[in-house]
Amino acid sequence: MTLRLAILASGRGSNLQAILDAIAVGTLDAQVVGVFSDQPAAQALHRVPAPLRWSRRVKDFANREAFDTALADAIATVAPDWIVCAGYMRILGAAFVERFPARILNIHPSLLPKYKGLHTHQRALEAGDGEHGASVHLVNAELDGGAVLAQARVPVLPGDDAESLAARVLKVEHPLYVEVLRMLAAGRLGEQDGQPLLDGHPAYTPLRLEFAHS
């Protein structure tokens with residue numbers, strides 16, 4: 001099944017580019033039907049043709065809920081199978097999430113449920129963790145709280161700082177996101193009532209995927 005993907009991005013769009021590259025070489029059966037941003041100057045918008053771009057500034061709306069409603073209305077017009085948060089830096093409100101139940105994905109730079117929120121790399125270092133990584137999860141109204149579909153892990157090396165650890169995690173983030181989308185397109189991954197499914201069976205632990213990180 002060719003997945004219709006609506007991408008939410010606030011910044012440079014490196015995860016979006018990884019998705020576009022996989023589509024271009026035929027390793028991901030998907031179509032990006034729109035890129036949506038809260039930052040009109042976001043580089044991510046320029047990775048797709050102008051008709052696929054939507055951006056508005058939050059401050060131009062009466063409140064956060066009004067912005068979320070406009071965003072949701074715009075996304076609904078392109079009828080996506082999945083909404084893919086790719087460096088989208090705003091928390092999606094409960095009404096937005098409820099409008100697209102179990103259809104929103106996010107990638108988070110930690111091994112959830114560890115280190116929800118910001119500064120994940122520094123927090124992993126301060127905790128003395130031996131490994132770190134990234135998680136693709138379903139989005140619900142709780143910050144980084146939805147069911148985790150898959151994870152990729154990297155070692156924490158002696159001498160790492162937050163910047164070097166972040167760079168190592170980024171190397172697995174891109175292929176992890178693409179592989180999850182590939183498995184969704186193939187029908188191998190799914191969800192039912194918020195419960196991840198792998199090959200039609202409940203998956204009680206996140207799928208662990210391995211990628212080169214050095």
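Just above sits the structure.
All values reported here derive from a predicted model rather than from experimental measurement. (Residues numbered from 1 in each chain as written. Predicted model: local features only at pLDDT ≥ 70, side-chain atom pairs only at ≥ 80, totals over all residues. Heavy atoms only, no water.)

Caption draft 1: Quick look at the nonpolar core. Among the nonpolar cores identified, the biggest contains 45 residues, and Leu5, Ile7, Ile19, Leu105 and Leu176 are the most heavily contacted of them. Contributions of two or more residues to this core are made by β1 (3-8), α1 (14-24), β2 (30-37), β4 (82-85), β5 (104-108), β6 (131-138), β7 (148-155) and α5 (162-185). Ranked by residues supplied to this core, first place goes to α5 with 11 residues. Residue contacts for Ile7: discarding those within four places in its chain leaves Leu16, Ile19, Val32, Gly34, Val35, Phe36, Val84 and Ala86. Membership of the second largest hydrophobic core comes to 20 residues, among which are Ala6, Ile83, Phe100 and Val139. (Core = buried A, V, L, I, M, F, W, Y, C linked by side-chain atoms within 4.5 Å. Buried < 20%, exposed > 50% of the residue type's maximum accessible area, 1.4 Å probe, protein only. Helix = DSSP H or I, 4+ residues; strand = E, 2+ residues; numbered from the N terminus. Contact = heavy atoms within 4.5 Å.)

Caption draft 2: Region of interest: the packing of aromatic side chains. This structure, assessed with the given rule, holds 4 aromatic pairs. Here Phe36 and Trp54 contribute two aromatic rings whose centre-to-centre distance is 6.2 Å and whose plane-to-plane angle is 45°, an arrangement assigned as tilted. Placement of Phe36 in strand β2 and of Trp54 in strand β3 (residues 53-55) is noted, with a sequence separation of 18 residues between them. For Phe36, a relative accessible area of 4% translates into the label buried. Judged by centre distance (5.5 Å) and plane angle (85°), the rings of Phe61 and Phe67 are edge-to-face. You can call Phe67 buried: its relative accessible area is 0%. One aromatic cluster is present, formed by Phe36, Trp54, Phe61 and Phe67 through successive ring pairs. (Phe/Tyr/Trp six-rings, centres within 6.5 Å; stacked < 30°, edge-to-face > 60°.)

Caption draft 3: Expanded view of the side chain of Asp68. Mapped onto the fold, Asp68 is located in helix α2 (residues 64-77). Discounting residues that sit within four places of it in the chain, Asp68 has contacts with Leu92, Gly93 and Phe96.

Caption draft 4: Local environment of the pairing of strand β8 (residues 189-192). Two strands pair when backbone bridges link them, and β8 and strand β9 (residues 195-198) are joined in this way by 4 bridges, in the antiparallel orientation. Looking at β9, one finds that Gln192 is bridged to Gln195. Hairpin connection from β8 to β9: 2 residues lie between these consecutive antiparallel strands, with Asp193 at a positive phi of about 55°. (Pairing = 2+ DSSP bridges.)

Caption draft 5: Geometry of the packing of α1 against α5. Axis separation between α1 and α5 bottoms out at 9 Å; the angle between their running directions is 50°. In terms of their interaxial angle, α1 and α5 are classed as oblique. Two packed elements cross with a definite hand, and for α1 against α5 that hand is right-handed. Contacts from Ser14, Asn15, Ala18, Ile19 and Ala22 in α1 reach Leu170, Glu173, His174, Tyr177, Val178 and Leu181 in α5. Grouping the amino acids of the contact of α1 with α5 by side-chain chemistry returns 7 nonpolar, 3 polar and 1 charged. (Axes fitted to C-alpha atoms, helices over the stretch in contact; angles between N-to-C directions. Parallel < 35°, antiparallel > 145°, perpendicular 65-115°, else oblique. Left-handed = near helix turned anticlockwise from the far one by under 90°. Nonpolar A, V, L, I, M, F, W, Y, C, P; charged D, E, K, R; others polar.)

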